[in-house]
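The residues making up each chain are set out below.
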Amino acid sequence: MQEIDTVKEGETSHPVKKRGWGHYWLYLVSGGVFLIDQLVKLWAEQTLGPANSGNSIELLGGFFRFLYIKNTGASFGFLKDAPWLFALLAVVVSLGIIGWYQRQGLKSNWLRLGTGLILGGVVGNLSDRIFKEGAVTDMFNFPNISLFRIFNVADTAITFGVIIVLLTSLLQAWRESRATPGKSE
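All of these numbers come straight from a predicted model, not from anything done at the bench. (Residues numbered from 1 in each chain as written. Predicted model: local features only at pLDDT ≥ 70, side-chain atom pairs only at ≥ 80, totals over all residues. Heavy atoms only, no water.)

### A look at the packing of aromatic side chains
Each aromatic ring pair is summarised here by two numbers: the centre-to-centre distance and the angle between the ring planes.
Alright, step 1. Under the definition given, this model contains eight aromatic pairs.
Alright, step 2. Considering the side-chain rings of Phe63 and Phe142, the 5.4 Å spacing of their centres and the 65 degrees angle between planes classify their relative orientation as edge-to-face. In this pair, Phe63 sits in the loop between strand S1 (56-59) and strand S2 (64-71) while Phe142 sits in the loop between strand S3 (136-141) and strand S4 (150-151), placing the two residues 79 residues apart along the sequence.
Alright, step 3. Considering the side-chain rings of Phe140 and Phe151, the 5.6 Å spacing of their centres and the 65 degrees angle between planes classify their relative orientation as edge-to-face. With Phe140 in strand S3 and Phe151 in strand S4, this pair connects stretches of sequence that are 11 residues apart. Take Phe140 and Phe151: they sit in the same class, and that class is buried.
Alright, step 4. The structure contains a cluster of three or more aromatic residues connected by ring pairs, namely Trp43, Phe63, Phe64, Phe66, Phe140, Phe142 and Phe151. (Phe/Tyr/Trp six-rings, centres within 6.5 Å; stacked < 30°, edge-to-face > 60°. Helix = DSSP H or I, 4+ residues; strand = E, 2+ residues; numbered from the N terminus. Buried < 20%, exposed > 50% of the residue type's maximum accessible area, 1.4 Å probe, protein only.)

Structural data, given as structure tokens:
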């Protein structure tokens, strides 16, 4: 439950709701994702560099490998000649998430988690685009699964964040529809 600061007599301002730790959870999750993403990218650059050299570390009998590449496009090399477009999109998405969250907030910890994963991933890849000449560092690869070409921690966070937000939203809508009396299906 949120506490409300009382207004002193004679003041014309409205009561201000104090924000509990739950409000900052989104920022803690996104900050954690950003930090882990940047540390893993730094490790890949220092261990597997130079970029696109083909140096790799194989695990699980070659089923999974670490392979350092610089990606100027989106998934599967889509729009590789327009990295500025992804940077602009990332800025808009990040500011949109933060602005919306500041106004609306989220009551569900699952929605906070999913949104925090998305925000952290978007900011992690945006940081690469700004500070690494428009290219994102990718390093995870499943060579035998063409669906997952090569990706990074930020991409993984965004993917899981979207899944969590969608599943939580669908579950909430389903619960609300079942709780509403008189609704026919």
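### Remarks on the environment of Leu113
Alright, step 1. As for its position among the elements, Leu113 is in helix H3 (residues 109-131).
Alright, step 2. For Leu113, a relative accessible area of 21% corresponds to the partly exposed category.
Alright, step 3. Put simply, Leu113 and Leu28 are 85 residues apart on the chain and 9.5 Å apart in space, counted from C-alpha to C-alpha.
Alright, step 4. Sequence-distant contacts of Leu113, that is, excluding residues within four places in its chain, are made with Trp25, Val29 and Ile164. (Contact = heavy atoms within 4.5 Å.)

### Brief notes about the pattern of salt bridges
Alright, step 1. With the rule as written, the count across this model stands at five salt bridges.
Alright, step 2. Across the pair Asp37 and Lys41 runs a salt bridge, and its minimum N-O distance is 2.8 Å. You can see Asp37 and its partner Lys41 sitting in helix H1 (residues 21-48), four residues apart, about one turn around the helix.
Alright, step 3. According to the relative accessible area criterion, Asp37 is buried, its value standing at 0%.
Alright, step 4. Residue classification places Lys41 among the buried positions, given a relative accessible area of 0%. (Salt bridge = Lys/Arg side-chain N within 4 Å of Asp/Glu carboxyl O.)

### Observations regarding the pairing of S1
Alright, step 1. Looking at chain direction, S1 and S2 are connected through four bridges and run antiparallel. Bridge assignment links Ile57 to a residue of S2, and that residue is Phe66.
Alright, step 2. Linking two consecutive strands that pair antiparallel, namely S1 and S2, is a turn of four residues; a positive phi of about 55 degrees is found at Leu60 within it. (Pairing = 2+ DSSP bridges.)

### Remarks on the confidence of the model for the protein
Alright, step 1. The pLDDT averaged across the protein works out to 81; a share of 78% of its residues lies at or above 70.
Alright, step 2. When the elements of the protein are averaged for pLDDT, helix H2 (residues 83-104) gives the smallest value, 78, and S3 the largest, 92.
Alright, step 3. The low-confidence segment residues 1-7, where pLDDT is below 50, has 14 contacts with residues more than four positions distant or belonging to other chains. (pLDDT = per-residue confidence, 0-100.)

### Digging into unusual backbone geometry
Alright, step 1. With an omega of 0 degrees, the peptide bond running from Gly49 to Pro50 counts as cis.
Alright, step 2. Its location among the elements puts Pro50 in the loop between H1 and S1.
Alright, step 3. Positive phi, normally seen in glycine, also occurs at Leu60, with a value near 55 degrees.
Alright, step 4. As for its position among the elements, Leu60 is in the loop between S1 and S2.

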